[in-house]
Amino acid sequence: MNNHHDLDSQKYYQQKVAVEARAIKRNQYYEAFRTLILSSIIVTGFTLACIALMKSPEVILNAVQSLKDQGIWPL
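Colleague: Could you clarify how one ought to interpret the overall build of the chain in this entry?
Modeller: When its secondary structure is counted, the chain shows two helices and zero strands. In terms of overall dimensions, the chain is more spread out than a globule: its C-alpha atoms have a radius of gyration of 27 Å, far above the 11 Å expected for 75 residues. Judged by the C-alpha coordinates and their principal axes, the chain covers about 85 × 25 × 10 Å. Looking at the chain as a whole, 1% of its 75 residues are labelled buried. Counting every atom, the chain has about 7,000 Å² of accessible surface; 65% of that belongs to carbon and sulfur. Charge-centre separation for the chain: the mean point of 8 positive side chains lies 6 Å from the mean point of 6 negative side chains.

See the structure below:
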């Protein structure tokens with residue numbers, strides 16, 4: 001009878017470990033997807049800013065000057 005309880009507790013432990021492993025893997029997938037989305041947003045924004053700067057640098061320079069006048073520009 002003692003052996004029966006040991007097998008039940010071992011089975012319960014294995015199930016618990018499997019559930020925790022699936023939860024960790026799901027969390028890793030979520031983090032990877034979130035990182036991919038955020039990276040895509042940052043790269044797209046940077047690319048669009050570079051294109052805007054190439055086409056009309058006056059707009060960007062005027063925006064920077066406006067931020068400096070308001071004391072918001074960090075440099």
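Colleague: How should a nonpolar patch on the surface be read in this particular structure?
Modeller: A surface patch of nonpolar side chains, about 510 Å² in accessible area, is lined by Phe33, Leu36, Ile37, Leu38 and Ile41. Along the chain, the position of Phe33 falls in helix H1 (residues 2–55).

Colleague: Looking at this model, I keep getting lost on the pattern of salt bridges. Mind explaining?
Modeller: Scanning all chains against the criterion turns up one salt bridge. Salt-bridge contacts for Arg34 lead to Glu31; the nearest nitrogen and oxygen are separated by 3.5 Å. Highlighted residues: Arg34 and Glu31, both in helix H1, separated by three residues, approximately one helical turn. By relative accessible area, which is 40% here, Arg34 ends up partly exposed.

Each value, and the rule that gives it
- Residues numbered from 1 in each chain as written.
- Predicted model: local features only at pLDDT ≥ 70, side-chain atom pairs only at ≥ 80, totals over all residues.
- Heavy atoms only, no water.
- Helix = DSSP H or I, 4+ residues; strand = E, 2+ residues; numbered from the N terminus.
- Rg over C-alpha atoms; globule rule 2.2 N^0.38 Å.
- Buried < 20%, exposed > 50% of the residue type's maximum accessible area, 1.4 Å probe, protein only.
- Areas by Shrake-Rupley, 256 points an atom, 1.4 Å probe, with all protein chains shown as cover.
- Lys, Arg positive; Asp, Glu negative; His and termini not counted.
- Charge placed at Lys NZ, Arg CZ, Asp CG, Glu CD.
- Patch = residues over 30% accessible without salt bridge, like charges linked within 9 Å, V, L, I, M, F, W, Y side chains within 5 Å.
- Salt bridge = Lys/Arg side-chain N within 4 Å of Asp/Glu carboxyl O.

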